[in-house]
Amino acid sequence: MNRTRCDHTPAWAALQNQFASSGPVFDLRAAFATDAQRHQRLSQQAPYVFADLSKNLIDVATQALLFELAQQTGLPAHIEAMFAGEKINTTEQRAVLHTLLRKPAPAPVQQAQDASDSIAFKLSQVHATLQPMLAYAQAVRADAGITDVVNIGIGGSDLGPQMALLALDEFALPGKRFHFVSNVDGHELAAVLRKIQPESTLFLIASKTFTTIETMTNAHSAKAWFEAQGGTDIARHFAALTTNVVAANAFGISTTFGFWDWVGGRYSVWSAIGLPLAIAIGAQGFTDFLAGAHAMDEHFRTAELEQNLPVRLGLLDLWYRNFHGFTSRSVAPYHSALKRYPAYLQQLEMESNGKRVDADGVALPFGTAPVIWGEPGTNGQHAYFQMLHQGTDVVPVEFVAVKNPRHDLPGHHNLLLANVLAQAQALMLGKVDVGGHKHFTGNRPSTFLLLDELSPASLGALIALQEHRVFVSGSLWGINSFDQWGVELGKVLAKDVEARLGSGDISGLDASTAGLLARLRN
Ligand code: F6P
């Protein structure tokens, strides 16, 4: 398919002129003062998510140019290509079809007879895998003998289920404890092993490739511990969530739930990788999670660019990164259960769009993924918000708030909501103080995402929204958002260094690594 890189379009040049004439002097307070409709114009309801973009450094004219840019890069065709299962992950020759994982089954479930590359066949595979996985989740829920579920996985095989499980803790079955072991640092696994008993534990070995060194090391140690404690029934106490069922079988695990190479690791919470979540919130909860995401998929696939929330967010990301030159975005979920949401978004955005070349391998003359960071509010206010308000760098903030709480402690929720509104207000309005130290420049941008409640469906929609906005900015930048070659070099070097830590061989090493290695061996 034909894609045109953003900087090769006429709209890019027009945006440069637009920025030169109004970007640096744009003032949010003046923008609101001169346009009574600004909030309405720059906000919208998408499935489960209301978004107020009006406190951003854009106006209707800039937004119009951004929509032109999206058209001129071929974004609509690229979106279609993704949903159609074209191999848009060109460096790995793979389709990108995490959206298919949340597509409802056609009724009755078709056993597609056509080619294994077709969407219909893949969808039938999705449902033929989802049903047994949900049945297994229900069986584990009903099994009082299993009190602890330990997920061993890293990156997308850890962050997605962990983030979602924490977020949906209110919906989780009481009586089962969930543990996540990702780090190769043995302290992490050892701390979990101290708390569990082999006869009441289910280990889920989550790895798309079933080769990731951290996960394999932890899985081997968990299995060795289980056997050393007298455990024998591996089929009951170990299950593998992987595309590499052969390797899982060779490891000795016969209970497996599969997925496919067209599901990227950081997009895999919707697949078998979501099993811990399905155990926690049940088959219905997991189905609702998928349905929320599917509603956002349909919005992204069908809404006009002007009313397409992932498109609007992705365009704003480009405007900030490439015109304003902002290098980071702070995410501030005002819900304590969203504590791993920033970490999840970090992988999603930075592993997807942290690229320095375009899809043809040509070095890019502009910046790509911003740094994503943050903590739940109000905690962040008492840590780094000082810098957001008065630091030398402008950092756009993306708030998430939830209208209805699921607790009945008086006063708390109003106070929480008052704080998130006040922070967005303070960033924008600032405060004049001639003394200097108490002066707030204001005019600092923020986006406000609002959910009615934090539920499986709304979380699904929120995460799908984030996936698609990352797709949009990556598409505009002309990059392949679906590979991650940048993690390979460190893996290769770690193998070499591991051998040297054993042998003491420092030949050919740089002086710093050699010096540190010698110190570690002393
Ligand atoms: O960090 C690289 C990466 O490949 C991620 O993309 C992925 O989520 C993670 O490692 C884990 O990979 P796997 O699921 O294959 O163990």
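Here the structure is a predicted model, which is why all the values come from computation and not from measurement.

Analysis parameters
- Residues numbered from 1 in each chain as written.
- Predicted model: local features only at pLDDT ≥ 70, side-chain atom pairs only at ≥ 80, totals over all residues.
- Heavy atoms only, no water.
- Near = heavy atom within 4 Å.
- Polar contact = N/O pair within 3.5 Å; in protein donor to acceptor, adjacent residues only side chain to side chain.
- 1 Å grid on protein atoms, 1.4 Å probe; cavity = no way out; pocket = protein on both sides within 12 Å on 5 of 7 lines; lining within 4 Å.
- Sits in = over half its atoms within 2 Å of the grid points.
- Nonpolar A, V, L, I, M, F, W, Y, C, P; charged D, E, K, R; others polar.
- Pairing = 2+ DSSP bridges.
- Helix = DSSP H or I, 4+ residues; strand = E, 2+ residues; numbered from the N terminus.
- Axes fitted to C-alpha atoms, helices over the stretch in contact; angles between N-to-C directions.
- Contact = heavy atoms within 4.5 Å.
- Points joined across faces, edges and corners; volume = space filled by probe spheres on them.
- Phe/Tyr/Trp six-rings, centres within 6.5 Å; stacked < 30°, edge-to-face > 60°.
- Buried < 20%, exposed > 50% of the residue type's maximum accessible area, 1.4 Å probe, protein only.
- Lys NZ or Arg CZ within 6 Å of the ring centre and 35° of its normal.
- Domains from an automatic or database assignment.
- Buried area = accessible area lost by both parts, 1.4 Å probe.
- Salt bridge = Lys/Arg side-chain N within 4 Å of Asp/Glu carboxyl O.

Chemist: What is the right way to read the site of the ligand from this model?
Modeler: Looking at the ligand, there are 13 residues lining it, with Gly-156, Ser-157, Ser-207, Thr-209 and Thr-212 nearest. Here an oxygen atom of the ligand sits 2.6 Å away from a polar atom, N or O, in the side chain of Ser-207. Here an oxygen atom of the ligand and a side-chain polar atom of Gln-347 are 3.3 Å apart. Taking a 2 Å distance to the grid points as the criterion, the majority of the atoms of the ligand fall inside the largest pocket. The residue makeup of the shell around the ligand, split by class, is two nonpolar, nine polar and two charged.

Chemist: Please explain the sheet that holds strand β1 (residues 43-46) as it appears in this structure.
Modeler: Strand pairing within a sheet occurs via backbone hydrogen bonds; the two strands may be parallel or antiparallel. Read from one edge of the open sheet, six strands run β1-β2-β11-β10-β8-β9, paired in mixed fashion. Either end of the sheet is taken by a strand with one partner, and the two such strands are β1 and β9 (371-373). Between one strand axis and the next, the sheet turns by 15° as a mean value, whatever way the strands run. Bridging between strand β8 (residues 328-334) and strand β10 (residues 397-402) involves five bridges; their strand directions are parallel. Its bridge partner lying in β10, Pro-333 is registered against Val-400. Each of β1, β2 (49-52), β8, β10 and β11 (446-451) is contacted by helix α13 (residues 309-324), which is oriented at about 135° to β1, the strand it contacts most. Across the sheet, helix α17 (residues 456-477) lies against β2, β8, β10 and β11, angled at about 150° from β11, the strand it touches most.

Chemist: Sorry, what's going on with the side chain of Ser-43 here?
Modeler: When you line up the elements, Ser-43 lands in strand β1. A distance of 2.5 Å separates the side chain of Ser-43 from the backbone oxygen of His-39, its partner in a polar contact. Ignoring sequence-local partners within four residues, the contact set of Ser-43 consists of Phe-50, Ala-51, Asp-52, Leu-53 and Arg-312.

Chemist: Just checking my understanding: could you explain empty space enclosed by the protein for this structure?
Modeler: Over the atoms, a rolled probe matching the size of one water molecule traces out where space is still vacant. Overall, the coordinates contain four cavities of 30 Å³ or more when judged by the stated rule. Put simply, the largest cavity is a space of about 120 Å³. Lining of the largest cavity is provided by 15 residues; of these, Leu-316, Asp-317, Tyr-320, Arg-329 and Pro-396 occupy positions nearest its centre. Secondary-structure elements contributing two or more residues to the lining of the largest cavity are α13, β8 and β10.

Chemist: I tried to follow the packing of aromatic side chains on my own but got confused; where do I start?
Modeler: Each pair of aromatic rings is reported with the distance of its centres and the angle of its planes. Summed over all chains, the structure comprises 22 aromatic pairs. Seen in terms of ring centroids, Tyr-267 and Phe-482 are 5.4 Å apart; in terms of plane orientation they differ by 50°. Their pairing is tilted. Placement of Tyr-267 in the loop between β7 (256-258) and α12 (275-302) and of Phe-482 in the loop between α17 and α18 (488-503) is noted, with a sequence separation of 215 residues between them. The pair formed by Tyr-267 and Phe-482 is uniform in burial state, with each residue classed as buried. Residue placement shows Lys-223 over the ring face of Phe-251; its charged tip is 5.0 Å from the ring centre. When the ring centre of Phe-171 is taken as origin, the NZ or CZ atom of Arg-406, which lies over that ring, is 4.0 Å away.

Chemist: Can you walk me through the sheet that holds β7 in this structure?
Modeler: Overall, parallel pairing links the five strands, which are arranged β4-β3-β5-β6-β7 in an open sheet. Edge strands, defined here as strands with exactly one partner in the open sheet, are β4 (177-181) and β7. For this sheet, the mean angle separating the axes of adjacent strands, direction not counted, is 15°. In this fold helix α9 (residues 213-228) packs onto β3 (148-152), β4, β5 (201-206) and β6 (238-242), with an angle of close to 155° to the strand it touches most, β5.

Chemist: I'm lost on the domain arrangement of the protein chain in this one. Help?
Modeler: As a measure of interface size, the accessible area lost when the parts come together is often cited. Annotation of the protein chain at the domain level lists domain 1 (29-94 + 303-478), domain 2 (98-281) and domain 3 (489-521). Here domain 1 and domain 2 have C-alpha centroids that lie 31 Å from each other. Of the residues lining the interface, 29 residues belong to domain 1; the matching set on domain 2 comes to 24 residues. When the two sides are added together, the surface that domain 1 and domain 2 hide from each other amounts to roughly 2,300 Å², 63% of it contributed by carbon and sulfur. Three residues, Arg-340, Tyr-344 and Arg-406, lead the burial of domain 1 against domain 2; their summed loss comes to 24% of the area buried on that side. Counting across the interface, domain 1 meets domain 2 through three salt bridges. Linking domain 1 with domain 2 are seven residue pairs in polar contact (both at pLDDT 80 or more). At the level of secondary structure, the elements contributing two or more residues to the side of domain 1 that touches domain 2 comprise α5 (75-83), α14 (341-353) and α17. For the side of domain 1 that touches domain 2, the element with the highest residue contribution is α17, accounting for eight residues. A breakdown of the residues in the side of domain 1 that touches domain 2 according to their chemical character gives 15 nonpolar, six polar and eight charged.

Chemist: Sorry if this is basic, but what is going on with the layout of surface pockets here?
Modeler: Of the pockets and cavities examined, the largest pocket occupies roughly 1,100 Å³. Thr-209, Thr-212, Val-487, Glu-488 and Lys-491 are the residues nearest the centre of the largest pocket, which is lined by 41 residues in total. For the lining of the largest pocket, the elements supplying multiple residues, two or more each, are α9, α14 and α18. Among the elements that take part in the lining of the largest pocket, α18 stands out by supplying six residues, more than any other. Residue classes in the lining of the largest pocket are distributed as 13 nonpolar, 16 polar and 12 charged. As a volume, the second largest pocket reaches approximately 520 Å³. Forming the walls of the second largest pocket are 24 residues, and the residues nearest its centre are His-335, Ser-336, Ala-337, His-407 and Leu-416.

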